[in-house]
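# Architecture at a glance
Chain residues, written in single-letter form:
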Amino acid sequence: SVLPPLAFGQEYASRVASSSQRRPRHLSVTFESKSLKEILFSLENVYHVSFNYDDDVLRDAYLKENFVWNKNEKLERILDRLLVNFQMSYKRIDKSNFLILSKRGEDSTESSKGVVSPTVGSNFQQTYLTQRLNEPMASTRTTIDFTVSGVITSDDGETLPGVNILLKGTSKGTTSDANGRYTLILPDAEGVLVFSFIGYTTREEAIGNRSTIDIKMTADTKTLSEVIVVGYGSQENKDVTGAVGAINGTKLATSAVPSVDQALQGRMSGVYVTTNSGEPGGGLSMRVRGMGGLGVSEPLYVIDGVIITYNASSSYGYKETANNPLATLNMADIESISVLKDASASAIYGARAGNGVVIITTKRGKSGAPRLSYEGYYGVQTVAKTLDVMDASEYASYSNDARTAAGLGTNLKFANPASLGKGTDWQDAIFRSAPIQNHQLSLSGGSDNSQYYISAGYMKQDGIITGSSFSRYSLRLNLDNKVTSWLKIGNSLTLSRSFNQSLTNNNGDRYAGIVAQALRRSPTLGIRNADGSWVGPDNSDLAYVGVINNPVMLATLNNEPNERLRALENFNVEIKLHKNLTFQTNLGVDYVLTNYNRFKPTFVEGALSNNKPEATSTKSTLSNLLAENTLAYKNTFNAKHKLEVLGGYTAQLSTSDVVSALSFFQLTNDLTTIDAGSPNPDRQASGSKSQTSYVSLLGRVNYAFADKYLLTANIRRDGSSVFTSQNKYGIFPSFSAGWRISEETFMKATPISNLKLRASWGQVGIDGSLGIGTEYATIGSGYKYNFGGKVVNGMTANRVPNTSLKWETVTQTDIGIDLGLLDNRLNFTADYFIKNYGDMITDKRMPIYAGMVSDAYYTNPISQPINSANVQNKGLELALNYQNRTMGGFSYSVEANMTTFSNKVISLTDDIIAGSTGNSDPGFLTRTTQGRSIGEFYGYVTDGIFHNQAEVDAANALDGQPTLYYQSSGTAPGDIKYKDLDGDNRITDKDRTYLGSPIPNFAYGFSTNLEYKGFSLNMLFQGVHGNKIVNVNRYILESSTDGENKGTAMVGRWTDANPNSNFPRAISTDPNNNDRASDRFIENGAYLRLKNIQLGYTLPGNVAERMHLSNIKVYLSAQNLWTITKYSGYNPDIGAQTQNNTSYGIDNTVYPNSVTFLGGINIGL
Amino acid sequence: GDDFLVRAPLNQITEENFWKTDQDATMAVNAIYDALQTDLGYRLGGLMFGDVAADDMTCFDVNWFVPQDNFTVNPSDPQVLAAWRAWWAGVARSNAVLDRVPAITMDETLKQRLLNEAKFLRAVSYFNIVTIWGDAPLMVHELEQSKVFTVTRQPQAEIWAQIEKDFTDAQGLPLSYPNEAGRATKGAAMAFLSRTYLYEKKWQEAANKAKEVIDLGIYNLHDQYIKNYQTAFENSVESIFEIQYVAGTGGWGNNEGNWVPSYTGPGNTAYVASGAWGIVLPATASKDIYEADDNRRAVNLFEQGSVYNNTPFDPKWSQTGLMLAKYIVGDLPVATEGAIDGERNMPIIRYAEVLLTYAEALNELGQTTTAESYLNKIRARAGLDPKTGLDQDAFRDAVMQERRIEFFGEGHRFFDLRRAGKLDEAVRIDAGKANYTEPKNLYFPIPQAERDLNPGLEQNTGY
């Protein structure tokens, strides 16, 4: 490069000074010179810009006369006036850099400095910055040795802006401009150029003395160079040694569903998504790699860098399903989702990563012309399935039988059952066709230095049961700005309002939920009277039809709105300290306001009424503040040693603050506020507040040798307020290694295009069960006594602290293989993992002589949380994808994945009994014990039905004691016979056993994508195999008791005339307890479902152009179109309403799922 | 930094911010009294261990005290567990006060009083523990976490020594509380101490201490036996220590009321306002223990011919034809009392007991003649002729008989029989409870759940 003489600047400065003195003060300062270089130099100084040019070309560029300009002129105008004299032009590269183009129209510089891609090629910028710092005067002037330029297009002929071009093995590079053009000035005509662009196969091209190299990039959805978002950074797929599942927003968008997690179902190996409720806005359970440990095993969510701390357990009350952290996110905003599955990938999140980490990244703007697009769909949902229940005449006949058998009187109205006809179909009465719609408008674009992505979304889903709905308004503003060559700032902001009108007790209550009421309500009752009032049982009916409210009335009067306002913000600053060293700060805020109201209205329906209206209002505030600072170093030594080092320091503070009020006796059902209720003392208030904090150090080293041998080590040291003082800091390390066998020379001749072996080991934590303030001995009040006839308060310790309690530790080992064939058109990934949940927290009962009781009632013994149990998960994950394109333009892809489950409780002191059917007699349904998997179903084993009295007598006679009965004194023909497992010839508690597991043997999904001339067809199938479900619906529909409707199966119940039935007799009192938890209600939960099918058509480019649109796509889509299953309930896709593993797979008459048909359109301007 | 990571619960009081003021100290002491009044503490525990398990009372309700009644009680018995819970809560809460209150800056007089109350209440708790279960873990400080699962039972003698020591110290308590009747007093400590000596057969000490109580001059017998069970005379001249109950604080759970009327009374609402269940009943034979003209019979028993609240007693209300009257008969039923939410206090130690303790101890010391006058004070009040000229053995029997009637249904009988070595005779032979065996049934079983947690806690012989 050529240095201008130092004297030049001094001389110039004096000249400017003298010239300005000659001018009148009110005029602008003007400048004059003949030398182009000199003029450019003065412009640089005045406008604080840099010009890049070939020193040789400009050396002799002089004007005949002085060129005069002044400071008030626009720089561009000056340049226009100036350069026209030399037949030159200029190009602005960014805010402060210009290229001076020579007569030939070619770049007159070494390169177009400064366009920095967020992911690759930013080293170039670094070089530039360093030069600026070292050589402030001379940095922009260099000699040209060789210039290469060209146009980059995609395989369908469109030009591609923003492609990274790099001279291999150096930091020299550039990116293509808005027209796909690039120019690169190189020291010589040798070398290889590397063209890379996200979503396209990276290409390498030898220069070979060519000055023009046009490149066609091939799109690739799954390339080795695909950039995967990992914790605190990103990595190219080929370099990843951990187990990371990634999916991009485009693929997710082929499922037009309201929430991200729904779109993930069946998409990814190792990610098992189940539905807790079909209610709009309802929650899902996600399990990463096996079922996990005891309790809740939901993964950690990280959205745009913010670690989300809002979860079910931090919510107030029972509305946990609405607390799906993803329900507030607009699907269309999602750029990618990464699931960190093994310890290597997740250890960087330390104490909270034990159940896996889900990283969600939203879309960001790209430089180029503004792109305005609209995406929308509208659809109709209907209930996927209804259950067969008795009609009025069948029920009346059943009721008569049941009551007669119990020696009770029958309903006179039921004297002639046949005359009652069909009656009311209550399921039909509560289910409806419900619309779903979604609209999203987004605007993105930007200059080379600043990009924006702005979107507004509206989603509204009415529930298939009257009275339920979910809506979401969302606004997103993602900004990126390169302030200077070394400073970038970015901002991600989501504002959302979700609004849930949820049904009273829709879940988990076999008695009170609306679905349960619809199943139970007698078909002999109507819906409304002629005058519009609600029909209910009269007093004479009550004994025969039970106290079961009119479900249509409940749904209609339902008033349980839950509004959630959320601001999720991440502000990001990135500073290039050195070409290899980047400092980054993230400041994140997640602020969630929840406004939950419930109004229990007054009503009258026949003899049933409520005259005590009740309003609840709960306001909860969650604030989650996060500050993260990281320093990243990246370098390549001797072209073979690639090293990346990351270090960071983070702090987080979450505060939850909840206030709730309750009042009664509102005057009308329209006045639902607290202050509309009667005054004190009928008002109650409650609330809670808690804080948790984290301070963490994190580090990562990635080392690659010759792109073949890869090593990664992660570590995080977490300190947290939920950790006890004796274990205030936890260290979570992981190590992984990869061998890219396909890079070895001996592999070059094989058809294998990619082969990588991976292995990892690490430890991560789970802190969710620690609770708040475990180490504090708390003092309870309410231990009252009386002195002098007056009650006084007493206070005493009510908790045994555990000052050594620590997080649960998950130790995971993973071995994986990635295989690519046919130029990576066929990819196969397999992973085997062993995941041990150690130190799981259980409650250890304390001896009573230690003197504490937890409550003022002296009934609950005190427990101390201790680290004791151990649960092992093992599994195999397989993923396969194949894509190809025929010569005729038909392209297709197939993806398939499968995950196996193996879960075993290695050690557990006291069995955990859980999984109630609600407030019902059968009681607990699951038992977790050492040596088995978590939450296995537990109960009696049926042995058919006593067909006749002889069989009953034979059973009673087994033990030879005439006064003792086999089952019960009331056992009679038509009752269920249970197996005597302990051989004492009687049925006792000891005859219960394990009846199967809700955990599948494997879950799988496969999808296809076919495209031909603008048409596309996407299908997603998904299923599970080997799991069991407790069908609690059948506790209603197939029990022997009356007072509620029954399933049609019970039409064929045992009677004297039908002694060979498999269904028990009708008897109101059920003396045999046919309803007890038994294998009778446990069903095969396997299913295969066509989860989503979408047929789309993208209009040809010229047609769109004529409409002044850049693209337009229309599609028709259907969800849950068909399901193959033996399960007899509404929906075999059953998670856990409490998200707790100990009560999985219990279908407590939950809100059924729907079949959705919809049509959508995507328009780009 | 570390401070950022320290977040105490925001909605609960923790040890760190408790134990700061006199109010904290007072409330911590209040909570000890609360332990005493719980279900199988002094609320029903006296009836269960002292009366049902002896020959005076019986129970037919299998959900309640049948195993205590017929000596099928086993280590899983929920009632025994509930009693265990009550008394150990008393010990632990007392220990917390005794460990923590000294460091509080507060009025020294009040502090000393609260500490003495805690000592008194710890001694009361241990008194019940040692009499029900025998050997016991001896804990005079808050239990360290590291020792929770390793404590062992110490010999009774060590427990008794600690009880003596605590009651001795508690003699520093005030004689009375003008506005807070029910707190432990100097007299209560002295009376309990004399009872302790009596149980230990330290006759001289027992006599001395009883005489000291008598010489305080502040206690006397009511003119009528029934006044001990009338709300109007609660905490008055004969009362030395009683458990305080008030009505109208709720139903089941932590109410502040006395459940005993509900457990002993009939379903007839003229007797107990909301109807009672007659779970604990006087044994059939217990109507035969009275001398003619004993005016305590009408207070102790509802039987054929009894009339209460203008309603004749129907013997069919009870499987034994009898019901315990004393917790009902003193006052008319109060309509506002819930089914289990009674108003009346439970007498724990009365002046009558001090007199009989003095008489018993003097007799054992060979001063039978002196002892006679104290026994006869009780008999006189009962409307009975004095007993004179008895020899030592006969006098011993007379005291035992007098205690049986005087404290009928007040939780003494089982322990008095055991002290006298007459449990087998009274319970197995006379009352016909065939399951009764010694030494097994001299004490009650240690709850199995506790031994599961700490196998070092040895079980009583025979269980």
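Parameters at a glance
Residues numbered from 1 in each chain as written. Chains lettered and ligands numbered in written order. Predicted model: local features only at pLDDT ≥ 70, side-chain atom pairs only at ≥ 80, totals over all residues. Heavy atoms only, no water. Helix = DSSP H or I, 4+ residues; strand = E, 2+ residues; numbered from the N terminus. Buried < 20%, exposed > 50% of the residue type's maximum accessible area, 1.4 Å probe, protein only. Contact = heavy atoms within 4.5 Å. Areas by Shrake-Rupley, 256 points an atom, 1.4 Å probe, with all protein chains shown as cover. Core = buried A, V, L, I, M, F, W, Y, C linked by side-chain atoms within 4.5 Å. Buried area = accessible area lost by both parts, 1.4 Å probe. Salt bridge = Lys/Arg side-chain N within 4 Å of Asp/Glu carboxyl O. Polar contact = N/O pair within 3.5 Å; in protein donor to acceptor, adjacent residues only side chain to side chain. Nonpolar A, V, L, I, M, F, W, Y, C, P; charged D, E, K, R; others polar. Pairing = 2+ DSSP bridges. Domains from an automatic or database assignment. Patch = residues over 30% accessible without salt bridge, like charges linked within 9 Å, V, L, I, M, F, W, Y side chains within 5 Å. Phe/Tyr/Trp six-rings, centres within 6.5 Å; stacked < 30°, edge-to-face > 60°. Axes fitted to C-alpha atoms, helices over the stretch in contact; angles between N-to-C directions. Parallel < 35°, antiparallel > 145°, perpendicular 65-115°, else oblique. Expected span 1.5 Å × (residues − 1).

### Structural notes on the overall build of chain A
The number of helices and strands found in chain A is 16 helices and 60 strands. Split into buried and exposed, the 1165 residues of chain A put 55% on the buried side. Partitioning the contacts of chain A with sequence separation of at least 6, the portion at a separation of at least 24 is 70%. Summing over all exposed atoms, chain A offers an accessible surface of approximately 45800 Å²; the carbon and sulfur share of this is 55%.

### Section: the nonpolar core
Among the nonpolar cores identified, the biggest contains 150 residues, and Phe65, Phe120, Trp133 and Phe241 of chain B are the most heavily contacted of them. Sequence-distant contacts of phenylalanine 65 of chain B, defined by excluding residues within four places in its chain, comprise Leu40, Leu44, Met48, Val52, Cys59, Gln79, Tyr263 and Val280 of chain B. One finds Val271, Ile334, Ile766 and Met840 of chain A within the second-largest nonpolar core, a separate group that totals 51 residues.

### Observations concerning the interface of chain A and chain B
Opposite the 52 residues of chain A that make contact, chain B presents 58 residues. When chain A packs against chain B, the two sides together hide about 4900 Å² of surface, and 62% of this comes from carbon and sulfur. For the pair chain A and chain B, the interface holds zero salt bridges. The tally of links from chain A across to chain B stands at 18 residue pairs in polar contact (both at pLDDT 80 or more). Listed by contribution, the elements that provide at least two residues to the side of chain A that touches chain B are β33 (641-664), β34 (683-705), β35 (709-720), β38 (778-781), β39 (785-787), β40 (790-792), β41 (795-797) and β43 (826-845) of chain A. Broken down by element, the side of chain A that touches chain B gets its largest block of residues, seven residues, from β34 of chain A. Of the residues assigned to the side of chain A that touches chain B, the class counts are 24 nonpolar, 22 polar and six charged. Direction of pairing for β38 of chain A relative to strand β1 (residues 13-14) of chain B: antiparallel, over a ladder of two bridges. By the bridge assignment for β1 of chain B, isoleucine 779 of chain A is matched with isoleucine 13 of chain B.

### Some thoughts on the domain arrangement of chain B
Residue and element names in this part refer to chain B. Each assigned domain of chain B is listed here: domain 1 (18-170), domain 2 (204-244 + 350-426) and domain 3 (251-344). Centre-to-centre separation of domain 1 and domain 3, based on C-alpha positions: 28 Å. Around 1400 Å² of area is buried between domain 1 and domain 3 when both sides are counted, 68% of it from carbon and sulfur atoms. Applying the counting rule to domain 1 against domain 3 returns four residue pairs in polar contact (both at pLDDT 80 or more). When residues of the side of domain 1 that touches domain 3 are traced back to their parent elements, those giving at least two are α2 (39-43), α3 (45-52) and β2 (57-59). Grouping the constituent residues of the side of domain 1 that touches domain 3 by class yields eight nonpolar, two polar and six charged.

### A look at the sheet that holds strand β59 (residues 1146-1147) of chain A
All names here are of chain A. Read from one edge of the open sheet, three strands run β56-β55-β59, paired in mixed fashion. Single-partner strands in this sheet number two, and they are β56 (1082-1084) and β59. Note that strand β55 (residues 1028-1031) and β59 share two bridges and pair parallel. Residue pairing for β59: asparagine 1031 is matched across the bridge by aspartate 1147.

### A few points about a nonpolar patch on the surface
All names here are of chain A. On the surface, Leu372, Leu441, Leu443, Ile454 and Leu1165 cluster together into a nonpolar patch covering about 370 Å² of accessible area. Here leucine 441 lies in strand β24 (residues 434-446). With a relative accessible area of 43%, leucine 441 lands in the partly exposed category.

### A closer look at the sheet that holds strand β19 (residues 300-303) of chain A
As a general point, the strands of a sheet are linked pairwise by backbone hydrogen bonds and lie either parallel or antiparallel. Residue and element names in this part refer to chain A. Taken in spatial order, the five strands line up as β16-β21-β22-β19-β20 in an open sheet, and their pairing is mixed. Of all strands in the sheet, those bounded by a partner on one side alone are β16 (244-248) and β20 (306-307). Pairing of β19 with strand β22 (residues 357-362) involves four bridges; the strand directions are parallel. Each bridged residue has a counterpart across the sheet, and for valine 302 the counterpart in β22 is isoleucine 359.

### Here we look at the packing of aromatic side chains
Under the counting rule described, the total for this entry stands at 59 aromatic pairs over all chains. On the numbers, 6.0 Å between centres and 50° between planes, the contact of tyrosine 882 of chain A with tyrosine 892 of chain A is tilted. Of this pair, tyrosine 882 of chain A sits in strand β44 (residues 863-885) while tyrosine 892 of chain A sits in strand β45 (residues 890-900); the two residues are ten residues apart in sequence, bridging distant segments of the chain. Assessed through its relative accessible area of 23%, tyrosine 892 of chain A is described here as partly exposed. Geometrically, the ring pair formed by phenylalanine 120 of chain B and phenylalanine 167 of chain B is edge-to-face, given 5.5 Å between the ring centres and 65° between the ring planes. Separated by 47 residues along the polypeptide, phenylalanine 120 of chain B in helix α6 (residues 108-133) and phenylalanine 167 of chain B in helix α7 (residues 156-170) bring together distant segments of the chain.

### A short note on the packing of helix α2 (residues 36-47) of chain A against helix α4 (residues 75-83) of chain A
Between two packed helices, both the angle of their axes relative to each other and the distance between the axes serve to describe the pair. All names here are of chain A. As a packed pair, α2 and α4 sit with axes 12 Å apart at the nearest point and diverge in direction by 180°. Our classification of the angle between α2 and α4 gives roughly antiparallel. Between α2 and α4, the contacting residues are Leu36, Ile39, Leu40, Leu43 and Tyr47 on the first element and Leu75, Ile78, Leu79, Leu82 and Leu83 on the second. Classifying every residue of the contact of α2 with α4 gives ten nonpolar, no polar and no charged.

### Side note on the pattern of salt bridges
According to the stated counting rule, one finds 82 salt bridges over all chains in the structure shown. Arginine 1065 of chain A is the partner of aspartate 975 of chain A in a salt bridge, and the nearest nitrogen-oxygen pair spans 2.8 Å. Of the two residues, aspartate 975 of chain A is situated in the loop between α14 (949-957) and β51 (976-978) and arginine 1065 of chain A in the loop between α15 (1033-1037) and β56; the sequence distance between them amounts to 90 residues. On the accessibility criterion, arginine 1065 of chain A (10% relative accessible area) is buried. Ionic pairing is found between arginine 296 of chain B and aspartate 294 of chain B, a salt bridge with its closest N-O pair at 3.0 Å. Owing to a relative accessible area of 0%, arginine 296 of chain B belongs among the buried residues under this scheme. According to the relative accessible area criterion, aspartate 294 of chain B is buried, its value standing at 6%. Here the residues in one salt-bridge network are Glu238, Glu291, Asp294, Arg296, Lys326, Arg350, Arg379, Arg381, Glu402, Glu406 and Glu410 of chain B, joined through shared partners.

### Quick look at α2 of chain A
Residues and elements named next belong to chain A. End to end, α2 covers 16 Å across twelve residues, agreeing with the expected 16 Å (1.5 Å per residue, within 8%). The residue sitting at the N-terminus of α2 and contributing the capping side-chain oxygen is serine 35; that oxygen lies 3.3 Å from the backbone nitrogen of lysine 37. With its phi angle positive at about 55°, histidine 48 sits one or two positions after the end of α2.

### Section: the pairing of strand β27 (residues 487-501) of chain A
All names here are of chain A. Sheet analysis places strand β26 (residues 469-484) next to β27, joined by 15 bridges and oriented antiparallel. Bridging from a neighbouring strand, tyrosine 473 pairs with arginine 497 of β27. Taking the residues that link successive antiparallel strands as the turn, the β26-β27 hairpin has two residues. Direction of pairing for β27 relative to strand β28 (residues 561-578): antiparallel, over a ladder of 15 bridges. Counted as the bridge partner of serine 492 is asparagine 570 from β28.

### With respect to the side chain of glutamate 410 of chain B
Residues and elements named next belong to chain B. One can find glutamate 410 in the loop between α14 (392-406) and α15 (413-419). At 2.3 Å, the side chain of glutamate 410 and the side chain of tyrosine 229 are in polar contact. With residues up to four places along the chain from it excluded, the contact list for glutamate 410 reads Asp51, Tyr225, Tyr229, Lys326, Tyr327, Pro347 and Arg350.

### Notes on the environment of leucine 365 of chain B
All names here are of chain B. Relative to the helices and strands, leucine 365 resides in the loop between α12 (351-364) and α13 (368-381). Considered as a pair, leucine 365 and aspartate 215 are 150 residues apart in the sequence and their alpha carbons are 20 Å apart. Filtering out sequence-adjacent residues up to four positions away, leucine 365 remains in contact with Trp203, Gln204 and Ala207.

### Some details on the environment of arginine 371 of chain A
Residue and element names in this part refer to chain A. Along the chain, the position of arginine 371 falls in strand β23 (residues 368-383). In sequence terms arginine 371 and asparagine 1148 are 777 residues apart; their C-alpha atoms lie 47 Å from each other. In contact with arginine 371, other than residues within four places in its own chain, are Ser442, Leu443, Ser444, Ser1110, Asn1111 and Leu1165.

### Let's talk about unusual backbone geometry
A cis amide bond links glutamate 438 of chain B to the next residue, proline 439 of chain B, at an omega of 5°. With respect to the element layout, proline 439 of chain B can be found in the loop between α16 (423-430) and α17 (448-453). Notably, tyrosine 232 of chain A is not glycine yet its phi reads approximately 55°, a positive angle. Locating tyrosine 232 of chain A in the fold gives a position in the loop between β14 (227-230) and β15 (233-236). Assessed through its relative accessible area of 14%, tyrosine 232 of chain A is described here as buried. Even without being a glycine, phenylalanine 71 of chain B presents a positive backbone phi close to 60°. Taking relative accessible area as the criterion, phenylalanine 71 of chain B reaches 3% and is therefore assigned buried.

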